[in-house]
Amino acid sequence: MNPLELQHYLDTLVQKKLYLSTMIWGPPGIGKSSIVAQIAQHSGIEFIDVRLSQLAPTDLRGLPVPDNGISRWFPPEFLPQTGQGILFLDELNMAPPAMQGVAQQLILDRRVGSYTLPEGWFVWAAGNRKEDRAAVFDMPAPLANRFVHLEVTPDFDSFKAYALNANVAEQVIAFLSFRPTLLHKLNPQHPAWPSPRSWVMASQLYQAELDLAPVVGIDAAAEFYSYTELYQTLPDFEAILRGEGANLAFPSEPGARYANTIGLTLRAATADSAYQAFCWMAAQAPTEWVQVFIADLMRQLRLKGQIGAFATYVQGDAQLQAFFQAYQRMLA
């Protein structure tokens, strides 16, 4: 499944209160832990992230303390005592077998040592696959059989939906729209390689006018910088958003078309500017590019609370109404 599908699946587990131990599999850098954290935040519950590969068995089970000739285990402070939330055991299969054995008791029985996990807490875990060249250990069959196993793969549409709302530089979004195969390209020969996580970092470096190569690698960075030169050929976005773009042509080069579409989407901050951009795209761009623009624009306007105002503009324009009806039939 892609990250958006994973988010929906996990959200349903929380909303339906299905306290099933869940294991999320996938390559590094695609946002597994970030998605789980977002689920907790949106649901208004706590989130505890435990990196098992960095712990020893006693760190999870606790320390034995004598009490009238009996050893009692004092649990660690990071395990929850009350409330509701998600206990996230990250890097589960990177933990050595002894550590996995202790975690197995917590996952299967919701207890370890003298500690019992409170009701209202989900136990989820994540790990990389062997084909991701991660230093992982085999998961014991009894442990694996008690998990709901979800495998997530990189997906540009999911990343784009996130990036449009996360202040990721428009140049990064446009470049990856043009070169989606570079969203995630594992390179075991180099520590820096492209992934959704590293592209978000690259966006921050780019906005600070620093080199991207240290996070996405030399090859991907070189392609990105070459792509940004297209921005010198783009039409005047501000004129289009003011309704003064009748004499401006939609670019003919595919890379520039992505840059144009993303640029207008992110700059259309109000219903009026969105309407002007829509009119220009409908008049100048091929239908498939208008459809791409509308899908992203609707998402942005909904987040900004401008969708109702934009609908008022469309209701007064018969040509745009016809386009929307055709677009909705296509989606159906």
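For the structure, see preceding data.
Overview of the structure. (Residues numbered from 1 in each chain as written. Predicted model: local features only at pLDDT ≥ 70, side-chain atom pairs only at ≥ 80, totals over all residues. Heavy atoms only, no water.)

**Topic: the layout of surface pockets**
One number sums up the size of the largest pocket: a volume of about 1,000 Å³. Surrounding the largest pocket, 41 residues form its lining, Gly-29, Ile-30, Gly-31, Lys-32 and Ser-34 being those nearest its centre. Looking at the lining of the largest pocket, the elements that each hand over two or more residues are α1 (3–15), α2 (32–43), β8 (121–127), α6 (156–163), α8 (196–207) and α14 (287–303). Here the lining of the largest pocket is composed, by residue class, of 19 nonpolar, 12 polar and 10 charged. Its boundaries defined by the atoms lining it, the second largest pocket holds a volume of some 210 Å³. Around the second largest pocket, the lining is made up of 14 residues, and of these Asn-187, Pro-194, Val-216, Asp-219 and Ala-220 lie nearest the centre. With four residues, the top contributor of residues to the lining of the second largest pocket is helix α10 (residues 218–228). A class-by-class count of the residues in the lining of the second largest pocket yields eight nonpolar, three polar and three charged. (1 Å grid on protein atoms, 1.4 Å probe; cavity = no way out; pocket = protein on both sides within 12 Å on 5 of 7 lines; lining within 4 Å. Points joined across faces, edges and corners; volume = space filled by probe spheres on them. Helix = DSSP H or I, 4+ residues; strand = E, 2+ residues; numbered from the N terminus. Nonpolar A, V, L, I, M, F, W, Y, C, P; charged D, E, K, R; others polar.)

**Structural notes on the pairing of β8**
Along β8, seven of the seven residues are buried, which leaves the element largely enclosed by surrounding structure. Burial along β8 is two-sided: Trp-121, Val-123, Ala-125 and Gly-127 and Phe-122, Trp-124 and Ala-126, pointing in opposite directions, are all buried. Across four bridges, the pairing between strand β1 (residues 22–25) and β8 is parallel. Looking at β8, one finds that Ile-24 is bridged to Ala-126. One ladder, built from five bridges, connects strand β5 (residues 85–90) with β8; its direction is parallel. Across the sheet, residue Phe-88 finds its bridge partner in β8, namely Trp-124. (Buried < 20%, exposed > 50% of the residue type's maximum accessible area, 1.4 Å probe, protein only. Pairing = 2+ DSSP bridges.)

**Notes on the sheet that holds β5**
Ordered by their spatial adjacency, five strands build an open sheet running β2-β5-β8-β1-β9, and the pairing between neighbours is parallel. Of all the strands in the sheet, the pair left with one neighbour each is β2 (46–51) and β9 (148–151). Each strand axis lies, on average, 20° off the axis of its neighbour in the sheet, ignoring direction. Each of β1, β8 and β9 is contacted by α1, which is oriented at about 155° to β8, the strand it contacts most. (Axes fitted to C-alpha atoms, helices over the stretch in contact; angles between N-to-C directions. Contact = heavy atoms within 4.5 Å.)

**What about the pattern of salt bridges?**
For the structure shown, the criterion picks out eight salt bridges. Between Glu-170 and Arg-267 there is a salt bridge whose closest N-O contact spans 2.6 Å. Taken together, the residues Glu-170 in helix α7 (residues 170–178) and Arg-267 in helix α12 (residues 254–267) connect sequence positions 97 residues apart. Overall, Arg-267 belongs to the partly exposed group, its relative accessible area being 32%. (Salt bridge = Lys/Arg side-chain N within 4 Å of Asp/Glu carboxyl O.)

**Thoughts on the nonpolar core**
In this structure, Leu-176, Trp-199, Leu-264, Met-281, Leu-297 and Phe-310 are the most contacted members of the largest nonpolar core, which totals 53 residues. Residues contacting Leu-297, with those up to four places away along its chain left out, are Thr-265, Ala-268, Ala-274 and Phe-310. With 26 residues, the next largest nonpolar core counts Trp-25, Val-102, Ala-103 and Tyr-115 among its residues. (Core = buried A, V, L, I, M, F, W, Y, C linked by side-chain atoms within 4.5 Å.)

**Let's talk about the packing of aromatic side chains**
Evaluation of the coordinates by the stated rule reveals 16 aromatic pairs. With a centroid separation of 6.5 Å and 80° between ring planes, the pair formed by Tyr-227 and Tyr-231 is classed as edge-to-face. Site record: aromatic cluster; members linked through ring pairs are Phe-175, Phe-178, Trp-199, Tyr-206, Phe-224, Tyr-225, Tyr-227, Tyr-231, Phe-250, Tyr-258, Trp-280 and Trp-289. (Phe/Tyr/Trp six-rings, centres within 6.5 Å; stacked < 30°, edge-to-face > 60°.)

**A look at the side chain of Gln-171**
Structurally, Gln-171 can be placed in helix α7. Taking the relative accessible area as the measure of exposure, Gln-171 reaches 17% and is therefore buried. The residues contacting Gln-171, other than those within four sequence positions of it, are Tyr-206, Phe-224, Tyr-227, Thr-228 and Tyr-231.

**Some words on the packing of α7 against α8**
A pair of packed helices is characterised by two quantities: the angle between their axes and the separation of those axes. At their nearest, the axes of α7 and α8 sit 9 Å apart, and the two run at 135° to each other. On the basis of the axis angle, α7 is oblique to α8. Along the contact surface, α7 presents Gln-171, Val-172, Phe-175 and Leu-176, while α8 presents Trp-199, Ser-203 and Tyr-206. Looking at side-chain class alone, the contact of α7 with α8 contains five nonpolar, two polar and no charged residues. (Parallel < 35°, antiparallel > 145°, perpendicular 65-115°, else oblique.)

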